[in-house]
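Below, each chain spelled out in residue letters.
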Amino acid sequence: MNLQHVRAMARKEWWHLLRDPRSLALMLLMPAMLLFLFGYAIRLDVTEAPIGILQESNDAVSRDFAARLDASHAFAVIDRFHDRRALTGAVQHGEIWAGLVIPRDFAAALGQGGARLQLILDGVDANTARLVRNYTQALVNDYAMEQGGVPPLEIRNRVWFNEASESRLAVVPGVIAVVMAVIGALMTALTAAREMELGNIVMLRTTPLTRGEFLAGKLLPYFVIGMADFLVAAGAAVWLFDVPLRGPFLGLLAVSALFLLVVMLQGMLISIAAGQQVLASQIALISSFLPAFLLSGFIFAIENMPVALQWFTRILPARAYTTLSKAVFLKGVSPLLLWTEVLVLGVLLLVLMRVVLLRARKLGLQS
């Protein structure tokens, strides 16, 4: 491979990027935008959940328990109802996520260890309903113990790696995988397709440029931009979202570069196969964002998926990188200990490199 040819091709691509400031701005701003949106918008825990309370008895114990709910960070008591019809109507119309009925015998039953409460949940969002129920159960158990009652079951939790059980700490490292997958594939999906649409590939055939030199020169500028995006995302994770980076940064940097090369080759393969910029961008978005968001373990637990789908996720680069990113950030694990995930990325890199070189024959460049 002639490095002068690669440098010339890379210089040409850099000049194209500089002449198209909108695309360059998109590449630099989209990671930050996605990181902020996901980091701030996605919450897997409950805070300030709107609930309503119906007290059938106005005794001191019932008032004290209702006040305890209102003081909890998990709930926001937005209304106190006087009859069940109004309470259930508020749940039905989506005004509150849950309605809690404190019965007349609550105080007496609490002292005997057999107090019962009725919780009416809006089950449209099953996950939120389950979280509200668990939070309520925990608060009831704690209150019963303070009052001398006996809760149904005492559970002592010890949470590792995310002691505060904050979903933000689990979400943000996964966001980096989504950002890099989308940016890496979208950036390179337009390169070869643009040359083919504009007819520049015909002129390149008259040069001594080889397929390998063409691909290396095309990918080099985007690799630099992609790694810059990674540094921005990692810095925001640590300093803006307070996500602890417990593992080796150089190890995270290395696997991030490996993952970026894989998704860039994926985008280049799409670009060569599609031959049109619009079609290539659409295919790249679908093949990068959806797997990274849905099948990488970023949001949804892979263990809860069908077995066949679990096996399919094994070949997805986003799953391997998400596992590595979370392990380095939260567990302080070196990527070398998760060698199977690194191996998956390495194998995908070699396979995609070979396939891209084979598919690049249609460009008509020298071998």
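See above for the structure.
Residues numbered from 1 in each chain as written. Predicted model: local features only at pLDDT ≥ 70, side-chain atom pairs only at ≥ 80, totals over all residues. Heavy atoms only, no water.

1. Looking at empty space enclosed by the protein
Over the atoms rolls a probe the size of a water molecule, and its path tells where empty space is left.
Moving on, step 1. Considering all chains together, one arrives at one cavity of 30 Å³ or more under this definition.
Moving on, step 2. Quantified by volume, the largest cavity comes out at close to 40 Å³.
Moving on, step 3. Lining of the largest cavity is provided by Ile51, Leu69, Phe75, Ala98, Leu100, Leu119, Val132 and Thr136.
Moving on, step 4. Counting only elements with at least two residues in the lining of the largest cavity, the list comes to strand S3 (98–102) and helix H6 (126–146). (1 Å grid on protein atoms, 1.4 Å probe; cavity = no way out; pocket = protein on both sides within 12 Å on 5 of 7 lines; lining within 4 Å. Points joined across faces, edges and corners; volume = space filled by probe spheres on them. Helix = DSSP H or I, 4+ residues; strand = E, 2+ residues; numbered from the N terminus.)

2. So, the nonpolar core
Moving on, step 1. Residues Ile176, Phe230, Val243 and Tyr321 are the most contacted members of the largest nonpolar core, which totals 55 residues.
Moving on, step 2. If we ignore the near neighbours within four places in the chain, the residues touching Val243 are Arg168, Leu169, Val172, Pro173, Ala237, Val238, Phe329 and Leu330.
Moving on, step 3. Grouped together as the second largest cluster of nonpolar side chains are 18 residues, Ala66, Leu69, Ile102 and Leu110 included. (Core = buried A, V, L, I, M, F, W, Y, C linked by side-chain atoms within 4.5 Å. Buried < 20%, exposed > 50% of the residue type's maximum accessible area, 1.4 Å probe, protein only. Contact = heavy atoms within 4.5 Å.)

3. Quick word on helix H4 (residues 84–92)
Moving on, step 1. Taken as a whole, H4 has its buried residues at Leu87, Gly89, Ala90 and Val91.
Moving on, step 2. For H4, the secondary structure elements touched by its buried residues are strand S1 (49–55), strand S2 (75–81), S3 and strand S4 (118–121).
Moving on, step 3. Within two residues after H4, Gly94 carries a phi angle of roughly 75°, on the positive side.

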